[in-house]
Amino acid sequence: MSILIKPIITEKATADAELNNRYGFIVNTKANKVEIKKAVEATYEVSVLKVRTLNVRPDRSTRYTKTGIQTGKTNAYKKAIVQVAEGDEIDFYNNIQD
């Protein structure tokens, strides 16, 4: 079971990382805060101070077409906001090649 699925790289998350040392990750829905903390510390070699989690509900949508009503939904997922110690930094862009 992989705990960390992918980092959240948006304008809001990048600004939060620069100002407050908080980084966002999409994580496994069954992972708890202790497992997330251990996974981040092992993967990025930083010390984690605090982990906040939230479950994101699926968005439902309805379209009206010639053939009738089409309904759908996105997948639900879990987000984790991880605060690292002062002076530590996570670099998501270090493996990018030209």
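Residues numbered from 1 in each chain as written. Predicted model: local features only at pLDDT ≥ 70, side-chain atom pairs only at ≥ 80, totals over all residues. Heavy atoms only, no water.

A. Region of interest: the packing of aromatic side chains. Evaluation of the coordinates by the stated rule reveals 4 aromatic pairs. A centroid spacing of 5.9 Å and a plane angle of 85° characterise the contact between Tyr 23 and Phe 92, whose relative ring orientation is edge-to-face. Here Tyr 23 is found in strand S2 (residues 22-27), whereas its partner Phe 92 is found in the segment after strand S6 (77-84), with 69 residues between them in sequence. Owing to a relative accessible area of 21%, Phe 92 belongs among the partly exposed residues under this scheme. By the ring-pair criterion, three or more aromatic residues cluster together here, those being Tyr 23, Phe 25, Tyr 44 and Phe 92. (Phe/Tyr/Trp six-rings, centres within 6.5 Å; stacked < 30°, edge-to-face > 60°. Helix = DSSP H or I, 4+ residues; strand = E, 2+ residues; numbered from the N terminus. Buried < 20%, exposed > 50% of the residue type's maximum accessible area, 1.4 Å probe, protein only.)

B. Looking closely at a nonpolar patch on the surface. Residues Ile 9, Tyr 93 and Ile 96 make up a contiguous nonpolar surface patch of about 320 Å² in total accessible area. With respect to the helices and strands, Tyr 93 occurs in the segment after S6. Residue classification places Tyr 93 among the partly exposed residues on the basis of a relative accessible area of 47%. (Patch = residues over 30% accessible without salt bridge, like charges linked within 9 Å, V, L, I, M, F, W, Y side chains within 5 Å. Areas by Shrake-Rupley, 256 points an atom, 1.4 Å probe, with all protein chains shown as cover. Salt bridge = Lys/Arg side-chain N within 4 Å of Asp/Glu carboxyl O.)

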